[in-house]
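# Commentary on secondary and tertiary structure
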Amino acid sequence: MPTFTNENSALGDMGGHSGQLELGFLLPILLGIVLATGTYLVCRETGAHTICIPVGLLIGFVAMSLCFVAEKERHMLIEDETSCISDSPNKAMRPNFWVWLRLQGFFLASAVPVFVGLVFFGDPVFELYRQAYEIKLGG
């Protein structure tokens, strides 16, 4: 008669993803959209395109690297736990350079098109807003 030392081991995995490295694509895309929009607004307000765009990209790269390091630390904690014989083997992919590169790619794939779209489509809207604001103040 088998004895189970883990309450989930008798029931199986039950669809859980324990031990899996969860670096999805939603966080990099959302961060890319927010940073691209913020960078565009700062560039538009200050006119310092040459410094604001690299700073915005650098902030995004640093944020994605911090997310990667946090998931890597979480993975190391899961990996070091003692597992029961009845537990399923740990199927988590190891955080490596390619996972980090994938995060950076998702960030760039979302930030660059949003920023370019804002520059091409946002500039005329921004100019109309400024003209309407000047008319309101002047009249």
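For the structure itself, consult the block above.
Residues numbered from 1 in each chain as written. Predicted model: local features only at pLDDT ≥ 70, side-chain atom pairs only at ≥ 80, totals over all residues. Heavy atoms only, no water.

Here we come to the overall build of the protein. What the protein contains, in helices and strands, is three helices and zero strands. Put simply, the protein runs from its N terminus to its C terminus through helices and strands in the order α-α-α. Across the 139 residues in the protein, those meeting the buried criterion constitute 21%. Across the protein, every contact between residues at least 6 apart in sequence was considered, and the portion connecting residues at least 24 apart equals 81%. Summed over its atoms, the accessible surface of the protein is roughly 10000 Å², and 70% of this surface lies on carbon and sulfur atoms. (Helix = DSSP H or I, 4+ residues; strand = E, 2+ residues; numbered from the N terminus. Buried < 20%, exposed > 50% of the residue type's maximum accessible area, 1.4 Å probe, protein only. Contact = heavy atoms within 4.5 Å. Areas by Shrake-Rupley, 256 points an atom, 1.4 Å probe, with all protein chains shown as cover.)

Listed in full, the ten residues of the largest apolar core are L35, A36, Y40, M64, F68, V99, L103, F107, A111 and F115. Elements with a minimum of two residues in this core: α1 (26–46), α2 (49–80) and α3 (97–138). If you tally residues by element for this core, the top one is α3, at five residues. Ignoring anything within four residues of it in the chain, the contact list for F115 reads A36, T39, Y40 and I53. (Core = buried A, V, L, I, M, F, W, Y, C linked by side-chain atoms within 4.5 Å.)

Mapping V42 onto the fold places it in helix α1. Residue classification places V42 among the partly exposed residues on the basis of a relative accessible area of 42%. The sequence separation of V42 and C52 amounts to ten residues, and the corresponding C-alpha distance is 7.1 Å.

This part takes up the packing of α1 against α3. At a minimum axis separation of 7 Å, α1 and α3 run at an interaxial angle of 35 degrees. Considering how the two elements wind past one another, α1 and α3 form a crossing that is right-handed. (Axes fitted to C-alpha atoms, helices over the stretch in contact; angles between N-to-C directions. Left-handed = near helix turned anticlockwise from the far one by under 90°.)

Take the packing of aromatic side chains next. Inspection of the entire model under this criterion finds four aromatic pairs. Relative to W98, the ring of F97 has its centre 5.4 Å away and its plane inclined at 70 degrees; by these criteria the two rings are edge-to-face. Its relative accessible area of 61% is what places W98 among the exposed residues. (Phe/Tyr/Trp six-rings, centres within 6.5 Å; stacked < 30°, edge-to-face > 60°.)

A few words now on α1. Given a rise of 1.5 Å per residue, 21 residues ought to cover 30 Å, and the 30 Å separating the end C-alpha atoms of α1 matches this to within 8%. Three or more residues of α1 are buried, namely P28, G32, L35, A36, T39, Y40, C43 and R44. Across the axial projection of α1, the buried residues extend over an arc of 165 degrees, all falling on one side. In this structure, α1 carries L26, V34 and E45 as exposed residues pointing more than 90 degrees from its buried face. One or two positions beyond α1, positive phi appears at G47, with a value near 80 degrees. (Expected span 1.5 Å × (residues − 1). Arc of directions from axis to C-beta.)

Attention shifts here to a nonpolar patch on the surface. A cluster of nonpolar side chains, contributed by L108, V112, V116, F120 and F121, occupies part of the molecular surface with about 500 Å² of accessible area. Looking at the secondary structure, you find V116 in helix α3. (Patch = residues over 30% accessible without salt bridge, like charges linked within 9 Å, V, L, I, M, F, W, Y side chains within 5 Å. Salt bridge = Lys/Arg side-chain N within 4 Å of Asp/Glu carboxyl O.)

Now for α3. The first and last C-alpha atoms of α3 sit 57 Å apart over 42 residues, in line with the 62 Å expected at 1.5 Å per residue. At G122, α3 shows its maximal bend, which comes to roughly 45 degrees, and the proline P124 appears one to four places after that position. Where α3 begins, the capping side chain belongs to N96, and its oxygen is found 3.2 Å from the backbone nitrogen of W98. (Bend = angle between axes of the 7 residues up to and from the residue. Polar contact = N/O pair within 3.5 Å; in protein donor to acceptor, adjacent residues only side chain to side chain.)

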